[in-house]
Amino acid sequence: MVELQNAALEGLRAQDKEIIDARLPIIVALLLRWLPTDHPCRAAVACGHLPPELYPWFTAFERTITRYDALEQDPPDRETYRTGLTNWYKHYLIPLAKDLQLMARAEAAICRTCWQQGLFDMPDPDTGKLVRPTFDEVLAKVRSVWEDAPHKTSVETAHSRVAQLQERELCRSEACAEQVADALRTDTIEHNAAGMACGLLLSYFQYQHLGLLLHSSCPYLNALFLLEQQKQQFVASDELLSDDLWATLRADIIAFY
């Protein structure tokens, strides 16, 4: 049974705890699937704990799957490494990203970049000046276009999306629409979501349950990460401070937001 017993979680908003509650079982199930059946950390992992020796195991596991050793040859075998890295993304990280429901977040992040680049700016009918719509409005319309043109990377689907982006007055030119359609290809979204999943996994190793809030809307997360880093430095230097002090600092940070 996965347990949530982490002092760093005290005082978090209810919605942040819900995210952790949803993500933790997924991460635990994944680690148990990857861990050898006789690994001494399995019992602790099953309870939602992170033994210190687990991260070195994960690093070795990742290097094995990606065939990182191929880069250490003389000369480096980059083709073997690329094949291993593709396998790591396709069979490990992308499925994890889908389980963690990171695909939509990756799609939104790419769409926001396009929006910031002005690809959705439209000329005002009265002044002729380019006007930037709100991001939420753009994201909703783009997703509507993508629902009408299924997530494929075929040339036909790309042409359909480019045409619809212009017909629905989301992009002012074919060139802008082509850039948006190319940026939001399914394989690109999956690659970005896989990167998010890997980052979240590493965040879990560093910050334990608190790290599962990476790629969420938690407003004080970076501040709590910094606090945890400071705490880890104190622990490493044997300069211990009371748990009550850390709890007070944590509560002050959360209250500030």
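Our structure's up above, just so we're on the same page.
Predicted model, so just to flag it, every value in this text is computed and none were measured. (Residues numbered from 1 in each chain as written. Predicted model: local features only at pLDDT ≥ 70, side-chain atom pairs only at ≥ 80, totals over all residues. Heavy atoms only, no water.)

Caption draft 1: Main features of the packing of helix α5 (residues 103-116) against helix α6 (residues 135-148). Where α5 contacts α6, the two axes come as close as 10 Å, and the packing angle between them is 120 degrees. Here α5 is positioned oblique relative to α6, judged by the angle of their axes. Where α5 crosses over α6, the handedness of that crossing is right-handed. Each of A104, E107, A108, C111, R112 and W115 in α5 lies in contact with α6, whose residues at this interface are F135, V138, L139, V142, R143 and W146. Residues that form the contact of α5 with α6 fall into these classes: nine nonpolar, no polar and three charged. (Axes fitted to C-alpha atoms, helices over the stretch in contact; angles between N-to-C directions. Helix = DSSP H or I, 4+ residues; strand = E, 2+ residues; numbered from the N terminus. Parallel < 35°, antiparallel > 145°, perpendicular 65-115°, else oblique. Left-handed = near helix turned anticlockwise from the far one by under 90°. Contact = heavy atoms within 4.5 Å. Nonpolar A, V, L, I, M, F, W, Y, C, P; charged D, E, K, R; others polar.)

Caption draft 2: Examining a nonpolar patch on the surface more closely. A contiguous nonpolar patch, built from L241, L245 and L249 and spanning about 200 Å² of accessible area, is present on the exposed surface. Mapped onto the elements, L241 comes out in the loop between α10 (221-236) and α11 (243-256). Given the relative accessible area of 33%, L241 is considered partly exposed. (Patch = residues over 30% accessible without salt bridge, like charges linked within 9 Å, V, L, I, M, F, W, Y side chains within 5 Å. Areas by Shrake-Rupley, 256 points an atom, 1.4 Å probe, with all protein chains shown as cover. Salt bridge = Lys/Arg side-chain N within 4 Å of Asp/Glu carboxyl O. Buried < 20%, exposed > 50% of the residue type's maximum accessible area, 1.4 Å probe, protein only.)

Caption draft 3: Examining the pattern of salt bridges more closely. In the structure shown here, the tally under the stated rule is 11 salt bridges. The shortest N-O distance in the salt bridge between R63 and E72 comes to 2.8 Å. Since its relative accessible area comes to 34%, R63 is described here as partly exposed. Note on E72: relative accessible area 52%, which makes it exposed. Where R185 meets D182, a salt bridge forms, and the shortest distance between an N and an O atom there is 2.7 Å. Three or more residues are tied together by salt bridges with common partners; here these are D182, R185 and D187.

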